[in-house]
Amino acid sequence: MRKALAMLLCVFMMFELVACGSSGKAKTPDITYSYSEAKDGTITLTLSDDYEKLRNQEGCDKAKKMYGYKDVKYNEDTKSVTYTLTPEQHTAMLRMNAYNMLMIFSAMPGSDTYKNITNIQPNSELSEFVITTKSQTLTKEEKNLFNFFYKYGSIYGLYRGVRPVDVVVRFENSGSGKVIEERHSESDSGWPGLDH
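Here's a quick rundown of the structure. The structure presented is a predicted model; accordingly, all values stated were derived computationally and were not measured.

**Describing the sheet that holds strand 7 (residues 168–173)**
Thinking step 1. Read across the open sheet, the four strands follow the order 5-6-7-8; overall the sheet is mixed. Of all strands in the sheet, those bounded by a partner on one side alone are strand 5 (117–122) and strand 8 (179–184). If you compare each strand with its neighbour and ignore which way they point, the axes differ by 10 degrees on average.
Thinking step 2. With five bridges joining them, strand 7 and strand 8 adopt antiparallel strand pairing. Bridge pairing links R170 to E182 in strand 8.
Thinking step 3. Strands strand 5, strand 6 (128–133), strand 7 and strand 8 of the sheet are contacted by helix 5 (residues 145–160), whose axis makes an angle of about 135 degrees with strand 7.

In structure tokens form, the structure reads like this:
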């Protein structure tokens, strides 16, 4: 099971590097995003398919049927998906997304890439991550995790209806408990944001 999770993480990390890497291409446009709550509690969430696995109306129809959502529409003109959800459906969506992310995070400590990491503890909003490591100073791979967690925390924030969200990533030494380094996405000049 652990090997399967580690492989999933490697595939996902490869995707992240492709998606976030610098290239000669022109800057991508801002993502299509909106979130609103009606008086009856109905939530309407629109999210670019850059951060959404659905790519056509057929997929949206399947998701609507599978999860019982009020409506799921693919917007071909803006390459985005619009969900219409009850508060209960929105809560279930958040739980499912959080679970999927936590499964990826749980495969990281002690893996071949992150041998020194012993624990990753996010808060309930996935906006703060405390990473415990045996390292005294961060390795190159560990430093790359700042943007990794910024992205996951920011995407989860979009589903929650919070944009922008300041994601905090803090590394602590497992032996001494000392903070090795802490950064905030809001003030980190190395973070390109979700629109890149």
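**A closer look at the side chain of N75**
Thinking step 1. Tracing the backbone through its elements, the reader meets N75 in strand 3 (residues 71–75).
Thinking step 2. What makes N75 buried here is its relative accessible area of 13%.
Thinking step 3. Excluding anything up to four places from it in sequence, N75 contacts T46, S80, V81 and T82.

Rules used throughout
Residues numbered from 1 in each chain as written. Predicted model: local features only at pLDDT ≥ 70, side-chain atom pairs only at ≥ 80, totals over all residues. Heavy atoms only, no water. Pairing = 2+ DSSP bridges. Helix = DSSP H or I, 4+ residues; strand = E, 2+ residues; numbered from the N terminus. Axes fitted to C-alpha atoms, helices over the stretch in contact; angles between N-to-C directions. Contact = heavy atoms within 4.5 Å. Buried < 20%, exposed > 50% of the residue type's maximum accessible area, 1.4 Å probe, protein only.

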